[in-house]
Amino acid sequence: MGEIGKITGKRPPLGAHTSIAGGVFTAIRQGVEIEADVVQIFSKNQRQWLGKPYSEEELETYFKEREETGIHPVVIHDSYLINLASPKKDILEKSIQAFADELQRGITLKIPYVLTHPGSHLGEGESFGIKQIGESLKQCWEMAGDDNIMIILETTAGQGTNLGYTFEQIRDMIDSSGIEPHVGVCIDTCHIFAAGYDIRSKEAWEQTLDRFDEVIGLSKLKLFHLNDSRHELGSRKDRHARIGEGFIGKEGFETLLNNSRVNHLPMILEIPGGLEAYREDLILLRTFRNAIDKS
Ligand code: ZN
Ligand code: MN
Ligand code: MN
């Protein structure tokens, strides 16, 4: 784990969030279409609490095509219904069940990371929410944890009562979970920028990564979501833009792909515009990556 760059032989492994409509193997077929190295998927319909188990046939096709194409599904993005910070008992119970189910699906599909938006406190207060997330993660891990899987907390933009918009909050969640070795972090470039972390230049990235290292530790960073931002630094608004077309801009991404501290980590697009946009922006990102290979 954390060795996905070595598995794919690409630095960094680049990819996008692809669809599983019709079966989990669809994600791999889409990965081929957009020429991705890696993909992120939902493990099931993301608007349902629990999905039905995969059929034997579906799994067989998935593993066969994964082997043939060399496209690595590296991360499951959890359902949007899940709120591991919910102050409502019934929703919290369902969320814990559902996230444990996501972990189990990750194990079944041999996907190393299962990612969650940490949660929203819904007015109950930030320290309540952070503590609740820690407890929920521990429960999920006790239900379904396994050495082949890691929980990934995604940094958020801090919209509404969403938690995880500072590195300190993420650290406190990990600390209060009691399962620190099993929890990693994903930096979403749009989210941290909207949350107030500047990443528009080389100097800005260095400062932001230094801060991450001080507070959480860079070894905890496992992947990136690459999205430009439709809103300005510190806007606290979560609206993704295509690479180079938002307020972060090309230089921010070019710098990231050239940063040897982190450019071995998988980088996943979640931009608007469908497969065509993915394909084009992966080509753009590869021009940045090729600059590294040549240097
Ligand atoms: Zn997300
Ligand atoms: Mn994201
Ligand atoms: Mn987002």
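You'll find the structure just up there.
Okay, so let's go over this structure.

Analysis parameters
Within each chain, residue numbers correspond to sequence positions counted from 1 in written order. As a convention, the first chain written is A and the first ligand written is 1, with the rest following in written order. For a predicted model such as this one, the threshold for reporting local features is a pLDDT of at least 70, and the threshold for listing and counting side-chain atom pairs is 80 or more; totals across whole chains, interfaces and linings nevertheless cover every residue. The side-chain figures draw on all heavy atoms in the structure; neither hydrogens nor water molecules are used. By definition, any uninterrupted DSSP run of H or I lasting at least four residues is a helix, any uninterrupted run of E lasting at least two residues is a strand, and each is numbered from the N terminus. Two residues form a contact once any of their heavy atoms are found within 4.5 Å. Polar contact criterion, stated in full: a pair of N or O atoms within 3.5 Å, where within protein one must be able to donate a hydrogen and the other to accept it, and residues adjacent in sequence count only if both atoms are side-chain atoms. Two strands pair under a simple rule: DSSP has to find at least two bridges between them. Axis definition: a line fit to C-alpha positions, over the contact stretch in the case of helices; interaxial angles, taken between N-to-C directions, run 0 to 180 degrees. In this listing, donors mean N, O and S atoms no farther than 2.8 Å from the metal, or 3.2 Å for Na, K and Ca; water is missing from the atoms, so a site can look incomplete. Residue burial is assigned from relative accessible area. The probe radius is 1.4 Å, only protein chains are included, and a residue is buried under 20% of its type maximum, exposed over 50%, and partly exposed in between.

## Section: the environment of Tyr-54
Looking at the element boundaries, Tyr-54 is found in the loop between strand S2 (38-42) and helix H3 (56-69). Between the C-alpha atoms of Tyr-54 and Asn-83, which are 29 residues apart in sequence, the distance is 24 Å. If we skip the residues at most four places from it in the chain, Tyr-54 touches Val-24, Ser-43, Leu-59, Arg-105, Thr-108 and Leu-109. A polar side-chain atom of Tyr-54 sits 3.3 Å from a polar atom in the side chain of Arg-105.

## Observations regarding the sheet that holds strand S12 (residues 267-269)
As summarised here, the arrangement of the 8 strands in space is S1-S2-S3-S4-S6-S8-S9-S12, forming a closed barrel in which the pairing is parallel. The mean inter-strand angle of the sheet, taken between neighbouring strand axes irrespective of direction, is 30 degrees. The pairing of S2 with strand S3 (residues 72-77) spans 5 bridges and is parallel. Pairing of Phe-42 across the sheet is with His-77, part of S3.

## Here's the deal with the coordination of the zinc ion (ligand 1)
Looking at the metal site, the zinc ion (ligand 1) is ligated by His-77 (NE2), His-117 (NE2) and Glu-154 (OE), spaced 2.0 to 2.2 Å from it. A separation of 3.3 Å is found between the zinc ion (ligand 1) and the manganese ion (ligand 2), both of which receive a donor from Glu-154. With a gap of 77 residues between them, His-77 in strand S3 and Glu-154 in strand S6 (residues 150-154) connect regions that are remote in the sequence. Residues His-77 and Glu-154 agree in their burial class; the two are buried.

Purely spatial values, then, with no claim about function.
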